[in-house]
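# A look at the structure
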Amino acid sequence: MADKNRRIINLPYGEGLERSKGVMVIKPTSFEDLRNVFLFEGKAQARGGLTSTAVLQDDGPTDLDVTVLLAALRSEAAAIGIGYNTTGGANREVWVNRMDVNGSNPLAVGQLGTLSLNATFTPPIIVGADSDNKFFIAHDEPFLTDRFVTVFYDPGQNPALINLTADLDGNGDAEVFFRGVVRHLSYIFGWGYGNAEDPDRGDVVRVSDSGDSTQFQDFAFFEAGQRGEPVMVCRSAGNKLMVFKETETHAIFGYSPDTFGIQPSDTLFGCVSSRLAVTVGGTVFFWSTQGPRITTGGPSQDIAVPLDIEGPDPTTLVEESEVQDAFAEYDPATRVVTFVWGRRVYALSIRNPQRPRWSYYELGETAQCGGQFFDTQSTVGGGGAPTGAPENLTFPNALTTDILEIAVNFDNVGETGVGTQIEVQVSKDAGATYTAVVTVDSDGAATNQTIVIQEETVGTSIKPLTDYKIALRYVRGGLHSVGYTSTDPEDWPVISTGSTTTVSNAPFWVLRTGGNTGLWTRNSPTVNRIINTIVIPTGHEFLEIEVEVQIETDGSPVVQDLGDGTGPPDTVDQIETPFAFLVLLDPNTTVLDRLDAVRNRENVYRARFVNTLQANTGAFGALARSWAGPDLPTALQFALDSGNEGSAFWQNTGSPARAPTDCPPGTPPGSHNTEFWVTVNFGVWSLETQTGPFSQGIESFDPGASFGDEVSVAIRHKVLTCSAFGGPEPSYSKFTTTETEEV
Amino acid sequence: MTGTPIPTLFFGGRDTEANVLQFSDGFQDNTVDYVPLAKSSPVAPAGASGECEFRNVYITITHDMEVDIRLTPIVDFVPLDGTGGQPDERLVFSLPALGARLTERFEMGLSKPFPLAGPARFRNALRGAWFQLQAEALSPLAAGDLIFEQVELQYEVVRESLVAEAP
């Protein structure tokens, strides 16, 4: 039997917090305290937890200490994380990581910088936004001198972090120092920076070009309200960009540079920090000086009343963080807007937008930042780290004429994804220190891609006869394949490394008139001097030069008396002494000055570059032929007349014309004579006569030939030793070529 | 559930290291337990000057999580939790792990010991003007869902409030 006196009150969950109303007017279905639940219409569900998917790293990789930014890079189905270090030698360093959209596999893609010791906020407040397949990063630091330059992460570049520069004052490009960035429509908006001449303009909001978010024009800016009162944060509200200052709000309207404008939107309320505003479906939820409010582009509305934030907190509710560390985010899975103050979260369930409901979250770990990651399918970059490696390195061609280069041929094994590049690291002298010299696009070919490393094109030092180690790896958006993440290529799999030695072209000799390369002088009865001039090609300056010498006879068919005391005729081989080491010249030597030339012989020199450090030698070049004696006569003309009389004429060039050349300065010269040799029917040669100094012909001589005989003549210069040397031994030139006439 | 990928919210940690923390995942905050709690606003069924006997509370919970639930009655703003000289009239009951969500109603009889010295042989109904109920899940939580649906308070009016004169 029912108890008629009993009554019931239904208290459905889900009405949310109501802490501002008095107990006499409060709705029974509201709640005085709700923690760690989010609200539906009529029910409250326990929230999920926080699961660590990764720890951000520096390039060590060493774990960092504080996560200061998390955000999506939607175009690549990836995520960006920025971490801050508070310990050790890397203290205060800020590193940018790229991650998978599930929050795993963080890899450092660059360092944002080292936080100034004078920075206002520690850890730093970092604000970022993705646009145009790039991620823009700004440092919300009030003092310009302690603020990081604004950078953008470009997955298609290496290095992937690039300083943002713009000509904002007409004086050329300069680095830009925004306090914050946000994307709106097809633009990036940055605030808190004027230009290089007038940088400290917290009230200025700049807008990028539409087609290129990295380009900012000097005229494309807005001044929001009172100068000197900084913009705190900007957020999209539909087709407007709400510009929040601390106690007022402005709205940038329009959709292009021609239609953009700015007007006051709310003269009483703004946002109290750079991250306490979030856009959900065209509505901006932000935290004002009187707590949370919302705006859809016009004057804001209060949603803070049920929280009674000016009143006492619920008993045991965890403490708030500092305001600069607070941030707002939206959880699409639970449809909850979260205002996160460290471990305390004001959670606004907006499943029914007309009746938002509040609850608290108490986090087990202090949150410093938040961000949504988008597992989108429409990516442009292939997403994430490359998966393969360049393998099977060969070096098909290490030198082309006069161009020092290293050609690397390799196979692309397992390479996937658009935008993969190949990073080339080079170690010189086979040392352990590598330098990244160039990054080129992968051509996608499975086999035989070739990269040519040229000094002229990569600006690095490629030297001849030098040992190099080459290491290759894939890079995409600053990420590398598994096994290739170390900054030291010695740690990479050996299949992606190789070594080669560059080759060298040869030094060459300056050629003198007359065919000799060297300049001969006789300095004493026993000292014959030959000076050759060496030309060193570009790029060989640091190499030593190894010289060899070979001694040859004249090589003339004239059986000759070489004046060596053995009496005519001498019969010797053309090569008397084959090539042998002569001397090692210091680098940059351009003169080969020898006092040990062999008199009356062809002193033949050859040279090559030597890397003595690594025992690498180059090829020998052209020979330097230097006769240790006077130059030979030229233009020999020989004729026989009907009476079997002969005549011959020649010219004296080279050393005879310059006589004296074989005596010390200030001493009487020696004499230049010309020996005239004759043979009949190619028999034994005999010295017909010896003409006087500088003679140029014999007008008549009798060769002793009969009708039908063939008479051959050849001549050479003979220089008698000057009296100052006191020796009898003459110096001879080579013979001229033989001239033959038939009687 | 749809297969449409929903953007995932992550928080960045700062307590020990630069953690990347996926929100709404698991049942701990990076190894730290947390407690869902709901404390209703005070109701005075008979008015502030009236008096009621609060007989029963029926709480409806949907769950597949294995967890202990504790209900704490609060009468006239004083929790009956064994502190401050008050009797401990809290109720703790366990929910088992389930393979699918199940909605259940749980009844809590409201009473307290008769205020005489010696062993408690008699119990009285809770009497007062104001009533609140605090429901909380005791850590540790476990995998699954825990949803508080509704509380139904059963009471009898002992004395109505007097009707106030029109001001």
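The rules we used
Residues numbered from 1 in each chain as written. Chains lettered and ligands numbered in written order. Predicted model: local features only at pLDDT ≥ 70, side-chain atom pairs only at ≥ 80, totals over all residues. Heavy atoms only, no water. Helix = DSSP H or I, 4+ residues; strand = E, 2+ residues; numbered from the N terminus. Buried < 20%, exposed > 50% of the residue type's maximum accessible area, 1.4 Å probe, protein only. Contact = heavy atoms within 4.5 Å. Phe/Tyr/Trp six-rings, centres within 6.5 Å; stacked < 30°, edge-to-face > 60°. Pairing = 2+ DSSP bridges. Patch = residues over 30% accessible without salt bridge, like charges linked within 9 Å, V, L, I, M, F, W, Y side chains within 5 Å. Areas by Shrake-Rupley, 256 points an atom, 1.4 Å probe, with all protein chains shown as cover. Salt bridge = Lys/Arg side-chain N within 4 Å of Asp/Glu carboxyl O. Axes fitted to C-alpha atoms, helices over the stretch in contact; angles between N-to-C directions. 1 Å grid on protein atoms, 1.4 Å probe; cavity = no way out; pocket = protein on both sides within 12 Å on 5 of 7 lines; lining within 4 Å. Points joined across faces, edges and corners; volume = space filled by probe spheres on them. Nonpolar A, V, L, I, M, F, W, Y, C, P; charged D, E, K, R; others polar. Buried area = accessible area lost by both parts, 1.4 Å probe. Polar contact = N/O pair within 3.5 Å; in protein donor to acceptor, adjacent residues only side chain to side chain. Core = buried A, V, L, I, M, F, W, Y, C linked by side-chain atoms within 4.5 Å. pLDDT = per-residue confidence, 0-100. Lys, Arg positive; Asp, Glu negative; His and termini not counted.

Along chain B, the regular secondary structure elements total 0 helices and 12 strands. Buried residues in chain B amount to 46% of all 167 residues. Nonlocal contacts in chain B, meaning residues at least 24 apart in sequence, comprise 74% of its contacts between residues at least 6 apart.

This part takes up unusual backbone geometry. Peptide bonds are mostly trans, and most non-glycine residues show a negative phi. All names here are of chain A. The peptide bond linking Gly60 to Pro61 adopts the cis configuration, its omega dihedral lying at 0 degrees. Mapped onto the elements, Pro61 comes out in the loop between β5 (50-55) and β6 (66-73). Following Thr122, the chain continues to Pro123 via a peptide bond in cis, the omega torsion being 0 degrees. Along the chain, Pro123 turns up in the loop between β9 (107-114) and β10 (126-131). Its identity as a non-glycine residue notwithstanding, Asn36 has a phi of 55 degrees, on the positive side. Structurally, Asn36 can be placed in the loop between β2 (31-35) and β3 (37-40). The backbone of Asn588 shows a phi angle near 75 degrees, a positive value even though the residue is not glycine. Here Asn588 is to be found in the loop between β44 (575-585) and β45 (591-594). For Asn588, a relative accessible area of 47% puts it in the partly exposed group.

To describe a pair of aromatic rings, one takes the distance between the centres and the angle between the planes. For the structure shown, the criterion picks out 30 aromatic pairs over all chains. Summarising the aromatic geometry, the rings of Phe373 of chain A and Phe10 of chain B are spaced 4.3 Å apart at their centres and angled 20 degrees between planes, so their arrangement reads as stacked. Of this pair, Phe373 of chain A sits in strand β30 (residues 357-373) while Phe10 of chain B sits in strand β1 (residues 8-13), placing the two residues on different chains. Taking relative accessible area as the criterion, Phe10 of chain B reaches 1% and is therefore assigned buried.

Let's shift gears to the pairing of strand β7 (residues 78-84) of chain A. Residue and element names in this part refer to chain A. In terms of burial, β7 is largely enclosed, as 7 of its 7 residues are buried. As judged from the 7 bridges shared by β6 and β7, these two strands associate in the antiparallel manner. Residue pairing for β7: Ala72 is matched across the bridge by Ala79. Hairpin remark: β6 followed by β7, antiparallel, with 4 residues in the connecting loop; positive phi at Ala77, about 50 degrees.

Side chains of Val23, Met24 and Val25 of chain A together with Phe77 of chain B sit close together on the surface and give an oily, nonpolar patch of about 400 Å² of accessible area. On the secondary structure map, Val23 of chain A appears in the loop between β1 (6-12) and β2. Given a relative accessible area of 36%, Val23 of chain A falls into the partly exposed group.

All right, on to the sheet that holds strand β11 (residues 134-139) of chain A then. Residues and elements named next belong to chain A. Across the sheet, which stays open at both edges, the 4 strands sit in the order β10-β11-β12-β13 with antiparallel pairing between neighbours. Every interior strand has two partners, whereas the edge strands, β10 and β13 (161-163), have only one. Geometrically, the sheet is characterised by an average inter-axis angle of 25 degrees between neighbouring strands, direction not taken into account. When β10 meets β11, the two strands line up antiparallel, connected through 6 bridges. Paired with Ile126 across the two strands is His139, which belongs to β11.

Below, the discussion takes up the pairing of strand β50 (residues 646-651) of chain A. Residue and element names in this part refer to chain A. Pairing geometry for strand β49 (residues 634-640) and β50, over 5 bridges, is antiparallel. Across the sheet, Gln637 pairs through a bridge with Phe649, a residue of β50. Alignment of β50 against strand β53 (residues 697-701), held across 3 bridges, turns out to be antiparallel. When the bridges of β53 are listed, Phe649 appears paired with Gly697.

Moving on, we come to the layout of surface pockets. The computed volume of the largest pocket comes to approximately 830 Å³. Lining the largest pocket are 32 residues, and of these Arg74, Gly128, Arg235, Val278 and Glu329 of chain A lie nearest its centre. When contributions to the lining of the largest pocket are tallied by element, the ones reaching two or more residues are β6, β10, β16 (180-184), β20 (231-237), β24 (277-280), β28 (327-331) and β30 of chain A. Taken together, the residues of the lining of the largest pocket break down into 18 nonpolar, 8 polar and 6 charged. Roughly 620 Å³ of internal volume is contained in the second largest pocket. Along the wall of the second largest pocket there are 24 residues; nearest its centre are Phe38, Gln45 and Ala333 of chain A together with Arg101 and Asp145 of chain B.

According to the stated counting rule, one finds 42 salt bridges over all chains in the structure shown. In this structure, the salt-bridge partner of Arg6 of chain A is Glu156 of chain B, at a minimum N-O distance of 3.1 Å. Of this pair, Arg6 of chain A sits in strand β1 while Glu156 of chain B sits in strand β12 (residues 146-159), on two different chains. Taking the shortest distance from any N to any O, the salt bridge between Glu320 of chain A and Arg344 of chain A comes out at 3.5 Å. Highlighted residues: Glu320 of chain A in the loop between β27 (301-302) and β28 and Arg344 of chain A in strand β29 (residues 336-349), separated in sequence by 24 residues.

As a further point, take the sheet that holds β7 of chain A. Residues and elements named next belong to chain A. Pairing within the open sheet is antiparallel, and its 4 strands lie in the order β6-β7-β8-β9. Looking at the sheet topology across the chains shown, the edges are occupied by β6 and β9. Here the strands of the sheet are splayed against their neighbours by 20 degrees on average, with no regard to which way each runs. Across 7 bridges, the pairing between β7 and strand β8 (residues 93-100) is antiparallel. Bridging from a neighbouring strand, Tyr84 pairs with Val94 of β8.

Turning our attention to the interface of chain B and chain A. Opposite the 61 residues of chain B that make contact, chain A presents 75 residues. The largest share of the area that chain B buries against chain A comes from Phe11, Arg14 and Val20 of chain B, three residues that together contribute 12% of it. Taken together, the connections running from chain B to chain A amount to 5 salt bridges. Measuring nitrogen to oxygen at the nearest pair gives 3.3 Å for the salt bridge that ties Arg14 of chain B to Asp325 of chain A. Counting across the chain B and chain A interface gives 50 residue pairs in polar contact (both at pLDDT 80 or more). In terms of residues, the side of chain B that touches chain A owes the most to one element, β12 of chain B, which gives 12 residues. Across 4 bridges, the pairing between β2 of chain A and strand β3 (residues 37-40) of chain B is antiparallel. Within β3 of chain B, the position partnered with Phe31 of chain A by the bridge is Ser40 of chain B.

A few words now on the nonpolar core. Note that soluble globular proteins tend to have their nonpolar side chains buried in a common cluster. Phe189, Phe285 and Phe339 of chain A together with Ile59, Ile69 and Leu146 of chain B are the most contacted members of the largest nonpolar core, which totals 88 residues. If we ignore the near neighbours within four places in the chain, the residues touching Phe189 of chain A are Gly180, Val181, Val182, His184, Val205, Arg206, Val207, Phe222, Leu241, Ile252 and Phe260 of chain A. Judged by nonpolar contacts, the second largest core, of 39 residues, contains Ala71, Val109, Ile126 and Phe148 of chain A.

So, on to the environment of Asn10 of chain A. Following the sequence through the fold, Asn10 of chain A ends up in strand β1. Assessed through its relative accessible area of 37%, Asn10 of chain A is described here as partly exposed. For the pair formed by Asn10 of chain A and Thr29 of chain A, sequence separation is 19 residues and the distance between their alpha carbons is 7.5 Å. Leaving out residues up to four positions away in the same chain, Asn10 of chain A has contacts with Thr29 of chain A together with Gln150, Val151 and Glu152 of chain B. A polar side-chain atom of Asn10 of chain A sits 3.4 Å from a polar atom in the side chain of Gln150 of chain B.

Turning our eyes to something else, we now look at the confidence of the model for chain A. Chain-level pLDDT for chain A is 86 on average; 89% of the residues reach the 70-or-more range. Segment residues 657-661 of chain A: pLDDT under 50, and 12 contacts once partners within four positions in sequence are set aside and those in other chains are kept.

It is worth spelling out the side chain of Arg293 of chain A at this point. Residue and element names in this part refer to chain A. The residue Arg293 is located in strand β26 (residues 291-295) in this model. Buried Arg293, no salt bridge; nearest opposite-charge side chain is Asp302, N-O distance 4.2 Å. Dropping the residues within four chain positions of it, Arg293 is found in contact with Phe269, Val284, Phe285, Phe286, Ser288, Ser300, Gln301, Asp302 and Ile303.

Moving on to the environment of Asp302 of chain A. Residue and element names in this part refer to chain A. Examined against the element boundaries, Asp302 turns out to sit in strand β27. Judged by its relative accessible area of 38%, Asp302 falls in the partly exposed class. Separated by 11 residues in sequence, Asp302 and Gly291 place their C-alpha atoms 8.0 Å apart. Once you skip the residues sitting within four places of it in the chain, Asp302 turns out to touch Pro292 and Arg293. In this structure the side chain of Asp302 is engaged in a polar contact, spanning 2.7 Å, whose partner is the backbone nitrogen of Ala304.

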